[in-house]
Amino acid sequence: MTQGSSQPHTVVLLVDENSNPFEMSCAIEVFGLRRPELGRELYDFRLCAADPSTRMRDGFFTLTGVAGLEAARDADTLIVPNRPDTDTSRDPRVLDVVRQAHARGTRLIGFCSGAFTMAEAGLLDGRRAACHWMWAESFRTRFPHVRLEPDVLFVDDGDILTASGSASALDLGLHVVRRDHGAEVANHVSRRLVFAAHRDGGQRQFVERPVPHVPDESLGPLLAWAQERLGEPLTVTGLAARAAVSPATLHRRFRAQLGTTPLAWLTGERVALACRLIERGEERLDVVAARSGLGTAANLRALVRRETGLSPSAYRRRFGPAAGEAVTV
């Protein structure tokens, strides 16, 4: 479903024996929670499993009371099972359901080791995919015809999307919300999660220092300062001067703490702002480009298309105020 359609998009999470509870919780948090403050439901979310009783990872708990595999037939998006025992073959019933869903044109999502499920079902040969770095070599050995992209957060290959690890399930989930409903709604969902609104799929999986050990090296104040000034002529050199470090040091800190470069982060923030301005009704591309810091309408067109797959005009038709009742978030 996209903004303005009458029926919510149905997302079904398929749970298999020994599935990870964390990724299941991520899916429920992003796609399953009601959001009355938006005035509409974003998704119709359901769980299903092959058996009435499904033992979750390491026997932490047993899942009962969910629908059977027949529920997957109603899915517009199917989230396939993931689990840590990647060398164990998946339940043939589960693989059949995944194959049938793909044949019907259902969008497939795999979190963490979910790429193994889709590869075992024979759906990833010749296609791009991501999986956790810990299993990359095993994946390549078992599925040599899959174009595995190492060291990225997630891969969007159109109707099949894969996330590399546990936390990147949230990144991919928010990416899907942004693709379905636009940047403004995705930002709202991320605020509810108290999670970064946009981490590009191409960012690295492994961040050298997730929690900086020297407090005054934190990028937080610099990022907040820059986000308030995206329309100004910010440069990497200027950001480095603001942080009182050299550009090389700033680059190392971005790589270590965010898994990306200062320029890539700045561009991503500017594109996200441009998308929000379009959604709020600004029709003049030169104004959007200036206010978001992207400079020219031509640059705006190129970057919005690269990030969203849509031209600014197509993005406006899909997510702008005319696409449905305006939502304040």
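Look up a bit, the structure's there.
Residues numbered from 1 in each chain as written. Predicted model: local features only at pLDDT ≥ 70, side-chain atom pairs only at ≥ 80, totals over all residues. Heavy atoms only, no water.

Comments concerning the overall build of the protein chain
The line we're drawing: Strands are runs of DSSP state E lasting at least two residues, helices are runs of H or I lasting at least four, and both sets are numbered from the N terminus onward. In this scheme, a residue with accessible area under 20% of its type's maximum is buried, one over 50% is exposed, and one in between is partly exposed, where area comes from a 1.4 Å probe on protein chains only. Contacts are residue-level and defined by heavy atoms, with any inter-residue pair within 4.5 Å sufficient. Using a 1.4 Å probe, accessible areas were evaluated by the Shrake-Rupley method; residue-level cover was limited to the displayed protein chains.
Helix and strand counts for the protein chain stand at 13 helices and 10 strands. Classification of the 329 residues of the protein chain by burial places 52% in the buried group. Pairs at least 24 apart in sequence give 64% of the contacts found in the protein chain among residues at least 6 apart. By element, 52% of the accessible surface of the protein chain is carried by carbon and sulfur atoms, the whole surface being about 14700 Å².

Some points on the sheet that holds strand β1 (residues 9–15)
Selection rule: By the convention used here, strands pair only if DSSP detects at least 2 bridges between them. Here, axes are lines fitted to C-alpha atoms. For helices the fit covers the stretch in contact, and angles between N-to-C directions go from 0 to 180 degrees.
Strand order in the open sheet made by the 6 strands is β2-β1-β5-β6-β10-β9, with mixed pairing throughout. Of all the strands in the sheet, just β2 (43–49) and β9 (154–156) have a single pairing partner and so form its edges. Taken over all neighbouring pairs, the strand axes of this sheet differ in orientation by 15° on average, direction set aside. Bridge analysis of strand β6 (residues 107–110) against strand β10 (residues 160–163) gives 3 bridges, and the strand direction is parallel. For Leu 108, the partnering residue across the bridge sits in β10 and is Ile 160. Of the strands in this sheet, β1, β2 and β5 (77–79) are in contact with helix α1 (residues 21–32), which crosses β2 at around 155°.

With respect to the environment of Thr 308
The line we're drawing: Under this definition, polar contacts are N or O atom pairs within 3.5 Å; protein pairs additionally need one hydrogen-donor-capable and one acceptor-capable atom, and for neighbouring residues in sequence, both atoms have to be side-chain atoms.
Along the chain, Thr 308 falls in helix α12 (residues 297–308). Linking Thr 308 and Arg 178, residues 130 residues apart in sequence, is a C-alpha distance of 8.6 Å. Residue contacts for Thr 308: discarding those within four places in its chain leaves Cys 275 and Tyr 315. There is a polar contact of 2.7 Å between the side chain of Thr 308 and the backbone oxygen of Val 304.

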